[in-house]
Amino acid sequence: MRQAGRYLPEYRAARAKAGSFLDLCFAPELATEVTLQPIRRFGFDAAILFSDILVIPRALGRDVRFVEGEGPRLDPIDPAGIADVAARSRESGLVVQELAAVIETVRRVRAELKRETALIGFCGAPWTVATYMVAGQGTSDQAPARLKALSDPEGFAVLIEAVVVASIDYLVAQLEAGADAVQIFDSWSGVLGPEAFRRWSQEPAARITAGVRARVTGARIIGFPKGADRGIAAYAAATEVNAVGLDWSVGLGTIRRETEDRIVLQGNLDPMALVAGGAALDAGVETILSDMEGGRHIFNLGHGIVPQTPIAHVEQLIRRVRG
């Protein structure tokens, strides 16, 4: 999960130098620096590209801005806007051209990393990206996007497909620039009912996976349908991802039994356990290691590391896992 962030003083220094958050995302020298900072400090096994899931709407011509203390803001999309992003998604090379700075960051990071350290790229899943495009910001339950999907499923499908097409181009470019694997982040899939999850989360992820592998043979792809709970096994089978990231609300042991070790599982320590440290952190780590002993597992958090995380607690986690 996300490694760079306000818990590292060296990140805060780079962020101040960049100015705005998006300026940092689109400055290859600085984005490379913050991608590498956790590797230099902690020696993790993989670096995670520093960027944001909302670079795709920006590449498709939408105004994306970040308000300090409030988060991302977009102009809520209307039918004309949907038609425009759909047309732009089909323009050959447009998305990669618009995101050339991010792709350059991938190249620079790969050149700086030791061969044994993996580089993970990513994109936002179409459903999650669309929720921000419809509402213009994050909401507690993504009701605006859910309403749009119910009241205008045909129009919403056009928006989802535009993000699918753009995401394929974007992930292929990351892999060709040196990423070892890419991850599809569906941070808001948990607000969907079973049928809506299948249509708006699972099926678009399957189209992305197939589209990427049609152009990059053997591409390694991780899916992260946050909140999918007991739908993980079906998601893994339908999307054919190589690994599934799990949030902290599900038991790894349960999902492992359901998937019968056919797929790599990633996760799923509660980020608050990392903030708490001490016995709570040790207990959380031990539960995960016990559940996944002998299995196919990437130890990770169940969501992004939060700004108030003490550096000493990250060091504690590393000692516990590697010990």
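Note that this is a predicted model, so its numbers are computed, not measured.

**Student:** Could you give an account of the overall build of the protein, naming the residues involved and the relevant values?
**Tutor:** Within the protein one finds 16 helices and nine strands. Computed over C-alpha atoms, the radius of gyration of the protein comes to 19 Å, within 12% of the 20 Å expected from 2.2 N^0.38 for 323 residues, which places it in the range of a compact globule. When the 323 residues of the protein are sorted by exposure, 56% land in the buried category. Within the protein, counting contacts between residues at least 6 apart in sequence, those at least 24 apart form 71% of the total. Surface accessibility of the protein: about 13,600 Å² in total, with carbon and sulfur atoms responsible for 51%. Across the protein, the 35 positively charged side chains and the 39 negatively charged ones have centroids separated by 2 Å.

**Student:** Can you explain the nonpolar core? Please cite residues and give values.
**Tutor:** Within soluble globular proteins, side chains that are nonpolar tend to cluster in buried spots. If you look at the biggest cluster of nonpolar residues, it comprises 107 residues, and the most contacted ones within it are Phe50, Phe156, Leu159, Tyr170 and Val212. Counting residues per element, this core draws most heavily on helix H10 (residues 153-177), which supplies 14 residues. Leaving out residues up to four positions away in the same chain, valine 212 has contacts with Ile168, Leu171, Val172, Leu175, Ala219 and Ile221.

**Student:** Break down the UniProt feature "domain: Uroporphyrinogen decarboxylase (URO-D)" (unreviewed entry) in the protein for me, citing the residues and quoting the values.
**Tutor:** Annotation from UniProt places "domain: Uroporphyrinogen decarboxylase (URO-D)" (unreviewed entry) at residues 120-136. Taken end to end, residues 120-136 comprises 59% helix and 29% strand; its first and last C-alpha atoms sit 28 Å apart.

**Student:** Give a description of H10 that names residues and reports values.
**Tutor:** For H10, with 25 residues, the first-to-last C-alpha span of 36 Å sits near the 36 Å given by 1.5 Å per residue. The element H10 is extensively covered by neighbouring structure, given that 18 of its 25 residues are classed as buried. Directly after H10, the chain includes glycine 178, whose backbone phi takes a positive value near 130°.

**Student:** Account for the environment of proline 126, with residues named and values stated.
**Tutor:** Mapped onto the fold, proline 126 is located in helix H8 (residues 126-135). Taking the C-alpha atoms as reference points, proline 126 and arginine 207, 81 residues apart in sequence, are found 10 Å from one another. Excluding residues within four positions of it along the chain, proline 126 makes contact with Ile160, Val163, Val164, Pro204 and Ile208.

**Student:** Requested: an account of the side chain of threonine 239, with residues and values cited.
**Tutor:** In this structure, threonine 239 sits in helix H12 (residues 232-239). A polar atom in the side chain of threonine 239 sits 2.7 Å from the backbone oxygen of tyrosine 235. Discounting chain neighbours no more than four positions away, the residues touching threonine 239 are Gln202, Ala205, Ala206 and Thr209.

**Student:** Which residues make up the pattern of salt bridges, and what values go with them?
**Tutor:** Two side chains with opposite charge may pair up if their charged atoms get near one another. Counting across every chain of the model gives 21 salt bridges. A salt bridge links arginine 256 to aspartate 261; the nearest nitrogen and oxygen atoms lie 3.0 Å apart. In this structure aspartate 261 comes out as partly exposed when scored by relative accessible area, which is 29%. Among the charged side chains, a salt-bridge network with shared partners connects Asp63, Arg65 and Asp75.

**Student:** How would you summarise the packing of helix H1 (residues 9-18) against helix H3 (residues 28-42) if you had to cite specific residues and measurements?
**Tutor:** It is at 10 Å that the axes of H1 and H3 come closest, and there the two elements cross at 175°. Classed by the angle they form, the pair H1 and H3 counts as roughly antiparallel. Residues Pro9, Glu10, Tyr11, Ala14, Lys17 and Ala18 of H1 lie in contact with H3, whose contacting residues are Leu30, Val34, Gln37 and Arg41. By residue class, the composition of the contact of H1 with H3 is six nonpolar, one polar and three charged.

**Student:** Could you give an account of the sheet that holds strand S8 (residues 264-269), with specific residues and numbers?
**Tutor:** Taken together, the seven strands give an open sheet; going across it, the order is S1-S4-S5-S6-S7-S8-S9, and neighbouring strands pair in parallel fashion. For this open sheet the edge positions go to strand S1 (46-48) and strand S9 (297-301), each flanked by a neighbour on one side alone. Pairwise comparison of adjacent strand axes, ignoring direction, gives a mean angle of 25° for this sheet. The pairing of strand S7 (residues 243-245) with S8 spans three bridges and is classified as parallel. When the bridges of S8 are listed, glycine 245 appears paired with glutamine 266. Packed on one face of the sheet, H12 meets strand S6 (221-225) and S7 and runs near 145° to S6.

Conventions used here
- Residues numbered from 1 in each chain as written.
- Predicted model: local features only at pLDDT ≥ 70, side-chain atom pairs only at ≥ 80, totals over all residues.
- Heavy atoms only, no water.
- Helix = DSSP H or I, 4+ residues; strand = E, 2+ residues; numbered from the N terminus.
- Rg over C-alpha atoms; globule rule 2.2 N^0.38 Å.
- Buried < 20%, exposed > 50% of the residue type's maximum accessible area, 1.4 Å probe, protein only.
- Contact = heavy atoms within 4.5 Å.
- Areas by Shrake-Rupley, 256 points an atom, 1.4 Å probe, with all protein chains shown as cover.
- Lys, Arg positive; Asp, Glu negative; His and termini not counted.
- Charge placed at Lys NZ, Arg CZ, Asp CG, Glu CD.
- Core = buried A, V, L, I, M, F, W, Y, C linked by side-chain atoms within 4.5 Å.
- UniProt positions renumbered as here; feature names shortened; annotations may be inferred.
- Expected span 1.5 Å × (residues − 1).
- Polar contact = N/O pair within 3.5 Å; in protein donor to acceptor, adjacent residues only side chain to side chain.
- Salt bridge = Lys/Arg side-chain N within 4 Å of Asp/Glu carboxyl O.
- Axes fitted to C-alpha atoms, helices over the stretch in contact; angles between N-to-C directions.
- Parallel < 35°, antiparallel > 145°, perpendicular 65-115°, else oblique.
- Nonpolar A, V, L, I, M, F, W, Y, C, P; charged D, E, K, R; others polar.
- Pairing = 2+ DSSP bridges.

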